[in-house]
Amino acid sequence: MTVTKTGASARIISKPKAIVATVLTNNGGALTKGDTYIFEHILKDSTKFSQDDPDKQTIENEVSDTPIKEVVTAGAYNFEATVEDIQPDIVCAMCGFEANEGKTKIYAPAGYKEVYAEIAVVLDGGDGKLVAQVAPKVQLNSKLILESLSSSVAGFTLAGTAQNTNVQDGSKTYDTPFFIDYNYTMPV
């Protein structure tokens, strides 16, 4: 048995540097990467990746108080951040709006529009490298925020639920909704 004290080697990361969102476009049933946005105007303390509590179903035993089995389903990973920027291209890409020809007006969709993106919350790793919390496929449910404009600014809540997808890393493929990249490279 190994006992490890973590204090000396702790990876303590905080203070996001940016949020990177890459639009995933449906290309005949397969999602392909499209435009990437690096958000820098994020409302303080609005960014979070959280995992729902696991769902547990107990299969009871007729002849004992000990259950036969507990079926546990992992909770979904959810992302949310308030972006304080309403450029037409961004709102169209992340919220499903549609722009007119001159991009002088953008129109909200009449109903829910299915939009997917890869989301990375990029932080300083403390060792000269960037660390990113990444959800490679997020079904977005973003919404525009136009409220308290005398003390705040117009923006939108970039939000959604991560979904399992295949992520290739070297020769191995991982089926995952979320991962941490300890050597993240910002897109150029």
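Quantities reported herein were computed from a predicted structural model and do not represent experimental measurements.

Reading guide: rules and limits
Here the residue numbering is sequential within each chain, running from 1 through the sequence in written order. Totals for whole chains, interfaces and linings use all residues, but because this is a predicted model, local features are given only for residues with pLDDT of at least 70 and pairs of side-chain atoms are given and counted only at 80 or more. Side-chain measures were taken over the full set of non-hydrogen atoms in the model, leaving aside hydrogen atoms and water. Strands are runs of DSSP state E lasting at least 2 residues, helices are runs of H or I lasting at least 4, and numbering of each runs from the N terminus. Only C-alpha atoms enter the radius of gyration; for comparison, a globular chain is expected to reach 2.2 Å times N to the power 0.38, where N is the number of residues. In this scheme, a residue with accessible area under 20% of its type's maximum is buried, one over 50% is exposed, and one in between is partly exposed, where area comes from a 1.4 Å probe on protein chains only. By definition in these notes, contact holds between two residues if any of their heavy atoms fall within 4.5 Å. With residues, only the protein chains shown are counted as cover, and all accessible areas are computed by Shrake-Rupley using a 1.4 Å probe. For salt bridges, the criterion is a side-chain nitrogen of Lys or Arg within 4 Å of an Asp or Glu carboxyl oxygen. A pair of cysteine sulfur atoms is labelled a disulfide when the two atoms are within 2.5 Å. Counted as a polar contact is a pair of N or O atoms within 3.5 Å, where, for protein atoms, one must be capable of donating a hydrogen and the other of accepting one, and residues adjacent in sequence contribute only when both atoms are in side chains. Put simply, a patch holds well-exposed residues, over 30% relative accessible area, that have no salt bridge, with like charges counted together within 9 Å and Val, Leu, Ile, Met, Phe, Trp or Tyr side chains within 5 Å.

S.K.: Whenever I open this one, the overall build of the chain confuses me. Can you help?
M.R.: Along the chain, the regular secondary structure elements total one helix and 15 strands. In terms of overall size, the chain is more extended than a compact globule, its C-alpha atoms giving a radius of gyration of 20 Å where 188 residues would be expected to give roughly 16 Å. Along the longest, intermediate and shortest principal axes, the C-alpha atoms of the chain span 70 × 45 × 40 Å. By the burial criterion, 31% of the 188 residues in the chain qualify as buried. In the chain, once contacts between residues fewer than 6 apart in sequence are set aside, the share between residues at least 24 apart is 57%. Looking at the chain as shown, the accessible area adds up to about 12,600 Å², and 48% of this sits on carbon and sulfur atoms.

S.K.: I would appreciate a short explanation of the pattern of salt bridges in the present structure.
M.R.: The full count for this structure, using the stated rule, is three salt bridges. Of the charged contacts, one joins D127 and R11 as a salt bridge, the two residues approaching to 3.8 Å between their closest N and O atoms. A residue pair is termed long-range when its members are at least 10 positions apart, and D127 in the loop between strand 9 (116–124) and strand 10 (130–140) and R11 in the segment before strand 1 (16–27) qualify at 116 residues. For D127, a relative accessible area of 43% gives the class partly exposed.

S.K.: Before we go on, may I ask you to explain the state of the cysteines in this structure?
M.R.: A covalent bond between the sulfur atoms of two cysteines is referred to as a disulfide. Following the criterion strictly, the structure yields zero disulfides and no others. In this model C92 remains outside any disulfide bridge; the closest cysteine sulfur is found in C95, 8.9 Å from its own. On the basis of relative accessible area, C95 is assigned to the buried category, the value being 11%.

S.K.: Looking at this model, I keep getting lost on the side chain of N78. Mind explaining?
M.R.: Within the secondary structure, N78 is located in strand 6 (residues 77–83). At 3.1 Å, the side chain of N78 forms a polar contact with the side chain of T161.

S.K.: What is the right way to read the environment of N141 from this model?
M.R.: Here N141 lies in the loop between strand 10 and strand 11 (143–145). With 41 residues separating them in the primary sequence, N141 and N100 have C-alpha atoms 22 Å apart. Dropping the residues within four chain positions of it, N141 is found in contact with Y112, A159 and G160. In this structure the side chain of N141 is engaged in a polar contact, spanning 3.4 Å, whose partner is the backbone nitrogen of G160.

S.K.: Help me understand a nonpolar patch on the surface in this model?
M.R.: Taken together, the side chains of I86, L144, L146 and L149 make up a nonpolar region of the molecular surface, amounting to roughly 350 Å² of accessible area. Along the chain, L149 falls in the loop between strand 11 and strand 12 (155–162).

Just distances and angles here, no functional claims.
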